[in-house]
Amino acid sequence: MSNASTTNMRLKLPLICLLLQLLLIILFGVFVRYDRDTDPSEWSRRKAQENVTDSDNEFYFRYPSFQDVHVMIFVGFGFLMTFLKKYGYGSVGFNFVLAAFSVQWATLVQGWLHSMGEDGKIHVGIESMINAEFCTGSVLISFGALLGKTSPAQLLIMTIFESALFSINEYVLLSVLEIKDAGGSMTIHTFGAYFGLTIARILYRAQLDKSRQREGSVYHSDLFAMIGAIYLWMFWPSFNSAVTTLGSPQHRTALNTYYSLAACTLATFATSSVVNAEGKLDMVHIQNAALAGGVALGTAAEMMITAYGSMIVGLFAGLISTLGFKFLTPILDSKLKIQDTCGVHNLHGMPGILGGLVGAILASLATKETYGDGLQDVFPLLDTDRSAKVQGGYQALGLAVTLGFALIGGTIVGFVMKLPIWGAPADTQCFTDQPYWELPEDDWDHGELVPVKIEETEKPT
Amino acid sequence: MSNASTTNMRLKLPLICLLLQLLLIILFGVFVRYDRDTDPSEWSRRKAQENVTDSDNEFYFRYPSFQDVHVMIFVGFGFLMTFLKKYGYGSVGFNFVLAAFSVQWATLVQGWLHSMGEDGKIHVGIESMINAEFCTGSVLISFGALLGKTSPAQLLIMTIFESALFSINEYVLLSVLEIKDAGGSMTIHTFGAYFGLTIARILYRAQLDKSRQREGSVYHSDLFAMIGAIYLWMFWPSFNSAVTTLGSPQHRTALNTYYSLAACTLATFATSSVVNAEGKLDMVHIQNAALAGGVALGTAAEMMITAYGSMIVGLFAGLISTLGFKFLTPILDSKLKIQDTCGVHNLHGMPGILGGLVGAILASLATKETYGDGLQDVFPLLDTDRSAKVQGGYQALGLAVTLGFALIGGTIVGFVMKLPIWGAPADTQCFTDQPYWELPEDDWDHGELVPVKIEETEKPT
Amino acid sequence: MSNASTTNMRLKLPLICLLLQLLLIILFGVFVRYDRDTDPSEWSRRKAQENVTDSDNEFYFRYPSFQDVHVMIFVGFGFLMTFLKKYGYGSVGFNFVLAAFSVQWATLVQGWLHSMGEDGKIHVGIESMINAEFCTGSVLISFGALLGKTSPAQLLIMTIFESALFSINEYVLLSVLEIKDAGGSMTIHTFGAYFGLTIARILYRAQLDKSRQREGSVYHSDLFAMIGAIYLWMFWPSFNSAVTTLGSPQHRTALNTYYSLAACTLATFATSSVVNAEGKLDMVHIQNAALAGGVALGTAAEMMITAYGSMIVGLFAGLISTLGFKFLTPILDSKLKIQDTCGVHNLHGMPGILGGLVGAILASLATKETYGDGLQDVFPLLDTDRSAKVQGGYQALGLAVTLGFALIGGTIVGFVMKLPIWGAPADTQCFTDQPYWELPEDDWDHGELVPVKIEETEKPT
C-alpha cells in the first residue's frame, strides 16, 4: 500500500458523504414509500375494512427487537472495536458513519431485490429497517478485519459495494435457493467475515510492524470494549429472532440463542485459561469468543435444535473461536498475509461456517413429528415441494454460494480500495486516530512512536 | 458572579433536597392516584364490564418506548456531558439528581394543567411517566448550557421553575393552541435551549478564562461522551414516537426519525471534515450535530413528511448544527456573552426552531388525500374546525410563544440563580468536580491549574 | 486464608468450567423441554384448537422486561463493580462467567422445585429465563461482598451452592408459605446479601491491609461504575415487574418502583452531602444508595402502596443505605470482621429487610375495598383461605426463613470456599486483576504497591 497518498481528505471525504447522501435522497424520493403499517390512509382503510386493530400493527411485535439490534450495530460493534489503545474515535466514529450510510443504502438494494411492490415502489416499515441493519452488521464485520489500517473514504467505498453484494447474496439464498438463515450465520457472518478477510489480504501491509506497538490495548480501552461485547452478547437472542415468524418460532429462536451463548461463555473462559502458560484469562478471548455461540446459532436457532443442542453448539463455538485467536490468527498473518485486526475470522468466520453447517444438518433432520403443524412456519416447502434431506442440501449449497460471493467480491472491492486516492494511512500511521481526528491535548504525542504515553506529566521539581 | 460565596453546601444542599422531596410526597399524597390502567379495582372492573383484556393495558404499548426515553434521559444526557476532562462526576451525577427530582415535580405540574380528573386528582400511569421525562429532557438541555459553571443547588432551583414553565408552555401549545409537537421540537428543544441560554447570559462570567484550560476533553472522556451520544441517537425514534397515536402514526414517527438521523450523520461527518484545516473530524460535532436530525423532526415526524423528506431535514439539521459549533458558538461567547458549554444552541436551539417550522409547513400542506382517514389521528381539528393553512399558522404561533416563554422565564430564573446564596463555583473553580465531589487520590491535583495530569508517576531513577 | 496456594489455575479453572458445562448439557438433555409457547407443535395445536393467536404468545408480554433484567445482570452488576481502580476485568469478567453459569444451573434447580411438568420435564420459555436471571442476581450480590478477594474457581463453587439454596428458599417462600415477593426483596436481595456477608466473615483476611491501597477508585473507574449504577436504576421498574400478573399489576409495579427510586435518589444526595465534612458528594453513595429504593420495593411494588407511599419507602431506603456506607461498613469491618467490598449490606441487606417488612405491612392491610376484584391477582388466598393479617404474618415469617437459609448456607459454603485448593489470591494480591488476567503493557506494574501508576511515561529529556 502506497504511503505517498495524503490522509488529508478535506475535500474528498465531505464530497463522498454529501454526494452519497444526495443520491440516497433522490433514490428514496423515486422508490421508497410507506408500507401498509406506516401509511395513514392504508392503515385506516385496513382498520375499517379488515379485522385489524392498532395492536396488530407490526410495530408492536418487532420494534423492541429492532431496538436491540440497533444497539448491537451502533454500540455493540462500535465499542467492541475500541479495544485498541489509540483508535477509540475511529472505532466508534467510523462505525457510526458507515452504519448510518449502510442502513439507507441497504434499504434500497434489498428493496429492489426482495420487496418491490406491484407499484414498482419499495415499501418501508419496521421489517425493512431490521433487514437493513442486518446488512449493516455484515459491513461492520468486514470493517473489523480492516480496523486501523483504512481511511473513512476507503471504508465508505467498501460499504457501497458490500451492501449491494450482501443483498444479492441474500436474495440468492433466501429467494432463489429458498433456504433459512434467520440470524444470518451465512448471509451476515460468513459473508461479512470472508469478504473483509479477502480485502485484508489484498490490502496486506508488509511494513505494518511500524505501527504494531499501537495494536494492543490499555487497561481502560479494554473496559470500553467490554461494553460493546456485553451488549452484543445480551441482545444476540433478539438479533437471531428479530425477523422470524411471530409466535413460537420467534420465542424459541431467542431461547435457543440464549442457552448457546451461556454455554459458549463457559467454554471460552475454560479455553482462554488453558492456552495461557500461567492459566490467565485473555480479554481478547472474553470479548470475542464468548459471542461465537450467537453466530453459530444464526441459522439453526429457529429450528428444533433443543436447549441442550444449542448448548453443545455454543460450547463448540467458544472452543474453536478461542483456539483460533490463539493459534490461527498468527498463522493467517504470517503465512497467509491476512492481517485481521479484530480476529473476525475467529468470531464470525469459523463460527459462521459452523452455523451454516448446523443449520443444514438440522434442516435435513426436520420431520412433521417434531414440528407438528409448526413445520410450515420454519420450512414452508417441506410439506410439499422438498424433502428434509433436499432442504439440508440447499442449506449447504447456500453456504458455498456465500463463500464464493465473499471471496470474489472481496477481491474486486479490495483492488478498488487499494487505489491510492482514498487517503489510506501510511504504515507508520496505522492504529491511531491521529490522521483523521482532532485530538485533545493529552494526545498530542499520539501519532509518535512513544509507547503508551497518555499525557504530559509535569513532575513538581 | 461573586467568588466570595462558599461552595460548601453541607447544610443547604441536603435541606433543599429533603424539603423538596418531602413536599413532593405530601403533594403526591393529596393529588396523585393510580390511573385506570394501574388501579387494580378499576382495571378488573373494566375487564369484567368493557371488552378489555390484559393485553390492552397501555403498559404493553408504551413501556418499551418509555424505557428507551428513560435511557436517553439518564444515560444519554448524563454521559453526553462527560466529555469535559474533569467534570464527569458532575455531568452524570447532577444529571441524575436533577432528573430524579424533575420527573416527580413535572408529574404534578403537568397533571394540574393537563390531566386533572373530575375527582380533582392526577391519575398516573405510563403516559404520565413519559410526559414527565419529556419535561425533564428540557431541563437537562438547559443544564447543558450551564455545565461546569453552576452548583447543584442552583440547578435544583432552576429545575423547580423550569419544569413549571415548561408545563405551562406545553399547556398553551397543546391544549390552547391545539397544535402538534409529539417529539417536542418546540416544547422540549426550543424551550430548553433558549431558556438555558438566557440563563447563561445572565450568569455570564467575564473571568471564565481562569478555568478555560479545563474546558476541553481528554481521550477517554470523549469516549464516555460517545456512549451518551450514541444512546441518544439510537433511541430518538422512540422519543419522537413515545406518545403519538397508536398504530401507523407511532410506527411512521419512528421510521421518519430514523432516516432523518441517518442522513444527519453523513451531513455532520462531511461538514466536520470540510471546516477543519486538515480535513480532520471533530468529536464535538460527531457527538452533538449528528443528533440534530432527531430534534428537527420532533414536530413533523408523525406527519406525511415521507422518508426522503425526513432525510432532507436531517441533512440540513446536521449541516447547520456543525456550522453552528464551528462559527456561531465563538460569536455567542465573545459578542453576546453567552457561554454555552455544551453548544445546546447548535444541537437543540437552531434544530428545534427548524423542527417547529418544518412542522408548520407540513401541517399547512396536510390533505385528506395524503392522510386518508388517518388524518384525524394526526390533526383532529382539520376535518371540521380548521383549514390546513390555519393549523400551520397556529403551529408557527406556537414556536413564537415558546421563544417568548423561554426568554422571559430564563431572564427571571437567571436572576434568582445569580443570588450569592447557592454555592456557585468561583471563576477559578469551573469545569472541575473538585468543589462538589470527593475525588479519588489520583485527582488530588484536580482543581489546580496543572493541565491534564491524571496521576502521580514515579519514574524509576 | 492461606497465602501458600497458587493462583495459577491453568488446569483447575478450565476443568471446573468444562465439567460444569458438560453436566449442564446432560441434565438439560434429560430434563429440559420447550414449553407450550416455544414448542412448534404445541403452539400450532393451541392456535388451531384454543382461541389463541400469535400475539398471545407470552414472548410479547415478557421479552422486553426480560431484556431489561438481562442488561441489569450483565451490564448493571458487572459495571457497578468496576469502581475498583485495578479490578475492572475481574469485575465485569467474573460477573460474566458466573452469570452465564448461573442462568443455566438455576433453570434446572428452579425447574426441579417449582415447575416440573406431569411428564417429569422442565418446560422452558421466557418466564423461566427471567426467574433464572433473578436467581443469578442473588449470586452477583454475594459476589459483591467478596469482590477482589476471591478466585474465579471459588466463585463458581459458591454459585453452584448458592443457586441451589436460593431456589430452595424461593420454593419455601413462594410455594410453601405462599407469600408474595415479585421483585425479590427477600428471595433475591436479603438472601444474596446475608449469604455473601456470611461467606465474607468466614473468609476474613486479617492481613487485608496489604492490599488496601488498591481498594479505592480512580477517576475513570468511577465513571465506568456509573454506567452499571444508572442501568440498574433505570431498569429496576422492569426488574420488579418482570414476573407479576399481566395487566394492571405489572403496570402498577413498574410505576411504584419508579417513584421509589426517584425519591431515593434525592435522599441519597442529601445524606451523602450532610455526612461529609465539606458537604461534598461521594460517588460510592450515588452509585449504590440511590438504588436502594428499588430493593426496598421488591415485595410491595405490586401492592396498593400508592405513589407517595413508594416515595416514602424510597426516601427511607436512600437514607439508611447512605448512613450504612458512612457509619456501618467500617464497624462491620473492624468489629464483626466482615469485609464487604461493595457494601452490599447497605444496598441489598438493610433495604432488603426493609422491603420484606414493608411488604408484610402492606399485605396485612390489604382489603377488598382497595383492590376490588384485582385482589386475587395480588393475593390469591385472601378471598378464601387467609385473612390479610395472617398473610402479613406469613410474609414476615418468609423474611425470617430467608435470613436463616442465608446465614446457615453461607457458613457452610464459606468453609468449602476456604479450602486451599481454589487458587484464592494472597493477601498482597487482592483487588488486582494481576493474578487472573493477562494485562496490557501499561499495567505491568499493576500488582506492585505503586499507588495509581497507570503507565510508563518517558519524558523527552
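What counts, and where the lines are drawn
- Residues numbered from 1 in each chain as written.
- Chains lettered and ligands numbered in written order.
- Predicted model: local features only at pLDDT ≥ 70, side-chain atom pairs only at ≥ 80, totals over all residues.
- Heavy atoms only, no water.
- Core = buried A, V, L, I, M, F, W, Y, C linked by side-chain atoms within 4.5 Å.
- Buried < 20%, exposed > 50% of the residue type's maximum accessible area, 1.4 Å probe, protein only.
- Contact = heavy atoms within 4.5 Å.
- Buried area = accessible area lost by both parts, 1.4 Å probe.
- Salt bridge = Lys/Arg side-chain N within 4 Å of Asp/Glu carboxyl O.
- Polar contact = N/O pair within 3.5 Å; in protein donor to acceptor, adjacent residues only side chain to side chain.
- Helix = DSSP H or I, 4+ residues; strand = E, 2+ residues; numbered from the N terminus.
- Least-squares fit on C-alpha atoms with pLDDT ≥ 70 in both.
- Axes fitted to C-alpha atoms, helices over the stretch in contact; angles between N-to-C directions.
- Parallel < 35°, antiparallel > 145°, perpendicular 65-115°, else oblique.
- Left-handed = near helix turned anticlockwise from the far one by under 90°.
- Nonpolar A, V, L, I, M, F, W, Y, C, P; charged D, E, K, R; others polar.
- Patch = residues over 30% accessible without salt bridge, like charges linked within 9 Å, V, L, I, M, F, W, Y side chains within 5 Å.
- Areas by Shrake-Rupley, 256 points an atom, 1.4 Å probe, with all protein chains shown as cover.
- pLDDT = per-residue confidence, 0-100.
- Phe/Tyr/Trp six-rings, centres within 6.5 Å; stacked < 30°, edge-to-face > 60°.
- Disulfide = S-S within 2.5 Å.
- Arc of directions from axis to C-beta.

*Asks:* Help me understand the nonpolar core, please; the structure alone is not making it clear to me.
*Replies:* One recurring pattern in soluble globular proteins is that nonpolar side chains are buried together. Tyr231 and Trp437 of chain A, Tyr231 and Trp437 of chain B together with Tyr231 and Trp437 of chain C are the most contacted members of the largest nonpolar core, which totals 450 residues. Once you skip the residues sitting within four places of it in the chain, Tyr231 of chain B turns out to touch Val71, Val75 and Tyr231 of chain A, Val71, Met72 and Val75 of chain B together with Tyr231 of chain C.

*Asks:* Is there a simple way to explain the interface of chain A and chain B in this structure?
*Replies:* How big an interface is tends to be reported as the loss of accessible area on association of its parts. Across the contact, 79 residues belong to chain A and 71 residues belong to chain B. Surface buried jointly by chain A and chain B totals about 6,700 Å² across both partners, of which 70% is contributed by carbon and sulfur atoms. Considering only the surface of chain A that becomes buried against chain B, Arg10, Tyr34 and Phe96 of chain A emerge as the three largest contributors, covering 11% of it. Taken together, chain A and chain B are joined by zero salt bridges. In this assembly, chain A and chain B are joined by 29 residue pairs in polar contact (both at pLDDT 80 or more). Elements with a minimum of two residues in the side of chain A that touches chain B: helix H1 (12–31), strand S1 (32–34), helix H2 (40–49), helix H3 (59–80), helix H4 (88–114), helix H5 (126–146) and helix H8 (219–241) of chain A.

*Asks:* Before we go on, may I ask you to explain the relation of the copies chain A and chain B in this structure?
*Replies:* Superposition of the two copies of the chain requires a rotation about an axis together with a shift along that axis. For the pair chain A and chain B, the best superposition has an RMSD of 0.0 Å and corresponds to a rotation of 120° with a translation of 0.0 Å parallel to the axis. Here the transformation between the copies is reduced to the relation of a three-fold axis. No C-alpha of chain A approaches the rotation axis more nearly than that of Pro64 of chain A, which lies at 3.9 Å. In this assembly, only 11% of the residues forming the interface of chain A have copies in chain B that are likewise at the interface, indicating a heterologous arrangement.

*Asks:* Sorry, what's going on with the pattern of salt bridges here?
*Replies:* A pair can form between side chains of opposite charge whenever their charged atoms are brought close. All names here are of chain A. In the structure shown here, the tally under the stated rule is 37 salt bridges over all chains. Across the pair Arg46 and Asp37 runs a salt bridge, and its minimum N-O distance is 2.6 Å. Taking the relative accessible area as the measure of exposure, Asp37 reaches 6% and is therefore buried. Between Lys368 and Asp373 there is a salt bridge, and its shortest N-O distance comes to 3.3 Å. You can call Lys368 partly exposed: its relative accessible area is 37%. Of the residues examined, Asp373 reaches a relative accessible area of 44% and is grouped as partly exposed. Each of Arg36, Asp37, Glu42, Arg45, Arg46 and Glu50 takes part in salt bridges that share partners, so that together they form one network.

*Asks:* Would you take a moment to explain the packing of helix H9 (residues 248–274) of chain A against helix H3 (residues 59–80) of chain C for this structure?
*Replies:* Angle between the axes and distance between the axes: these two values describe a pair of packed helices. With their axes 11 Å apart at the nearest point, H9 of chain A and H3 of chain C run at an angle of 25° to one another. On the basis of the axis angle, H9 of chain A is roughly parallel to H3 of chain C. Regarding H9 of chain A and H3 of chain C, the two cross each other, and that crossing is left-handed. In contact with Gln250, His251, Ala254 and Tyr258 of chain A of H9 of chain A, H3 of chain C contributes Phe59, Tyr60, Tyr63, Phe66 and His70 of chain C. When the residues that make up the contact of H9 of chain A with H3 of chain C are grouped by side-chain class, the tally is six nonpolar, three polar and no charged.

*Asks:* Just to check I follow, could you spell out the relation of the copies chain B and chain C for this structure?
*Replies:* Note on the identical chains: chain B maps onto chain C by a rotation of 120° and an axial translation of 0.0 Å, with an RMSD of 0.0 Å. Each copy contacts the other with its own distinct surface, as only 11% of the interface residues of chain B are interface residues in chain C too.

*Asks:* Honestly, a nonpolar patch on the surface in this entry has me stumped. Any pointers?
*Replies:* Where nonpolar side chains cluster on the molecular surface, the patch consists of Phe316, Leu319, Leu323 and Phe327 of chain A and spans about 340 Å² of accessible area. Of note, Leu319 of chain A is situated in helix H12 (residues 307–334).

*Asks:* When you look at the interface of chain B and chain C in this model, what are you seeing that I'm missing?
*Replies:* Across the boundary between the two partners, chain B contributes 80 residues, which contact 71 residues of chain C. Interface area, chain B with chain C, both sides summed: about 6,700 Å², of which 70% is carbon and sulfur. The largest contributions to the chain B side of the interface with chain C come from Arg10, Tyr34 and Phe96 of chain B, which together make up 11% of the buried area. Linking chain B with chain C are zero salt bridges. Contributions of two or more residues to the side of chain B that touches chain C are made by helix H1 (12–31), strand S1 (32–34), helix H2 (40–49), helix H3 (59–80), helix H4 (88–114), helix H5 (126–146) and helix H8 (219–241) of chain B. For the side of chain B that touches chain C, the element with the most residues is H4 of chain B, which contributes 12 residues. Residue composition of the side of chain B that touches chain C, grouped by class: 44 nonpolar, 21 polar and 15 charged.

*Asks:* Can you help me understand the confidence of the model for chain A in this one?
*Replies:* Reading fine detail from the predicted coordinates is not recommended where pLDDT is low. Residues and elements named next belong to chain A. Averaged over every residue, the pLDDT of chain A is 93; residues scoring 70 or more account for 95%. Here residues 444–461 is a poorly scored stretch, pLDDT under 50, and it has 47 contacts once near neighbours within four places are set aside; other chains count. In the predicted complex, the global pTM is 0.95; the interface-specific ipTM is 0.94.

*Asks:* Hey, could you run me through the packing of H3 of chain A against H8 of chain A in this one?
*Replies:* All names here are of chain A. Contact pair H3 / H8: the axes reach a minimum separation of 8 Å and the direction vectors enclose 150°. With respect to H8, the axis of H3 lies roughly antiparallel. When you trace H3 past H8, the crossing you get is left-handed. Contact with H3, carried on its side by Arg62, Ser65, Asp68, Val69, Val71, Met72, Val75, Gly76, Phe77, Phe79 and Leu80, involves Phe224, Ala225, Ile227, Gly228, Ala229, Tyr231, Leu232, Phe235, Trp236, Ser238, Phe239 and Ser241 of H8 and no other residues of that element. When grouped by side-chain class, the residues that make up the contact of H3 with H8 number 16 nonpolar, five polar and two charged.

*Asks:* Would you take a moment to explain unusual backbone geometry for this structure?
*Replies:* Across residues other than glycine, the phi torsion is negative in most instances, and most of the peptide bonds are trans. Residue and element names in this part refer to chain A. Of note in the backbone geometry, Glu178 takes a positive phi value of approximately 50° without being a glycine. Mapped onto the secondary structure, Glu178 falls in the loop between helix H6 (152–176) and helix H7 (185–202). Although it is not a glycine, Thr306 sits at a positive phi angle of roughly 70°. Here Thr306 is to be found in the loop between helix H11 (292–295) and H12. In this structure Thr306 comes out as partly exposed when scored by relative accessible area, which is 24%.

*Asks:* So what exactly am I meant to see when it comes to the packing of aromatic side chains here?
*Replies:* The description of an aromatic ring pair rests on the distance of the ring centres and on the angle between the ring planes. All chains considered together, the criterion is met by 84 aromatic pairs over all chains. Ring geometry for Phe269 of chain A and Trp437 of chain C: centres 6.4 Å apart, planes at 80°, overall edge-to-face. Linking Phe269 of chain A in helix H9 with Trp437 of chain C in the segment after helix H16 (388–418), this pair reaches from one chain into another. Each member of the pair, Phe269 of chain A together with Trp437 of chain C, is buried.

*Asks:* What exactly am I supposed to notice about the state of the cysteines here?
*Replies:* In a disulfide, the sulfur atoms of two cysteines are covalently bonded to one another. If you walk through the whole model with that rule in mind, you get zero disulfides over all chains. Unpaired in this structure, Cys135 of chain B has its nearest cysteine sulfur neighbour in Cys17 of chain B, at a distance of 18 Å. In this structure Cys264 of chain B is a free cysteine whose sulfur lies 12 Å from that of Cys17 of chain A, the closest cysteine sulfur available. Given a relative accessible area of 0%, Cys264 of chain B falls into the buried group.

*Asks:* Help me out: how do you make sense of H2 of chain A in this one?
*Replies:* Each α-helix winds once per 3.6 residues, and so residues spaced three or four apart point in a common direction. Within the sequence span of H2 of chain A, burial applies to Pro40, Trp43, Ser44 and Arg46 of chain A. Buried residues along H2 of chain A cover an arc of 155° about the axis, so they all sit on one side. Opposite the buried face of H2 of chain A, by more than 90 degrees, sit the exposed residues Ala48 and Gln49 of chain A. Looking at the buried residues of H2 of chain A, the elements they touch are helix H9 (248–274) and helix H14 (368–371) of chain B.

*Asks:* Looking at this structure, I do not really get the environment of Ser41 of chain C. What am I missing?
*Replies:* The residue Ser41 of chain C is located in helix H2 (residues 40–49) in this model. Residue class for Ser41 of chain C comes out partly exposed when judged on its relative accessible area of 25%. Ser41 of chain C sits 141 residues away from Ala182 of chain C along the chain, and the two C-alpha atoms are 31 Å apart. Not counting the four nearest positions on each side in its chain, Ser41 of chain C is found in contact with Thr370, Tyr371 and Gly372 of chain A.

*Asks:* For this particular structure, what's the right way to read the environment of Arg33 of chain B?
*Replies:* All names here are of chain B. Looking at the secondary structure, you find Arg33 in strand S1. With relative accessibility at 32%, the residue Arg33 sits in the partly exposed group. Counting along the chain gives 282 residues from Arg33 to Leu315, while the straight-line C-alpha distance between them is 44 Å.

*Asks:* Looking at this model, I keep getting lost on the side chain of Asn169 of chain A. Mind explaining?
*Replies:* Residue and element names in this part refer to chain A. When you line up the elements, Asn169 lands in helix H6. Looking at Asn169, the relative accessible area reads 0%, which means it is buried. Beyond its immediate stretch of four places on either side in the chain, Asn169 contacts Thr187, Phe191, Val401, Thr402 and Phe405.

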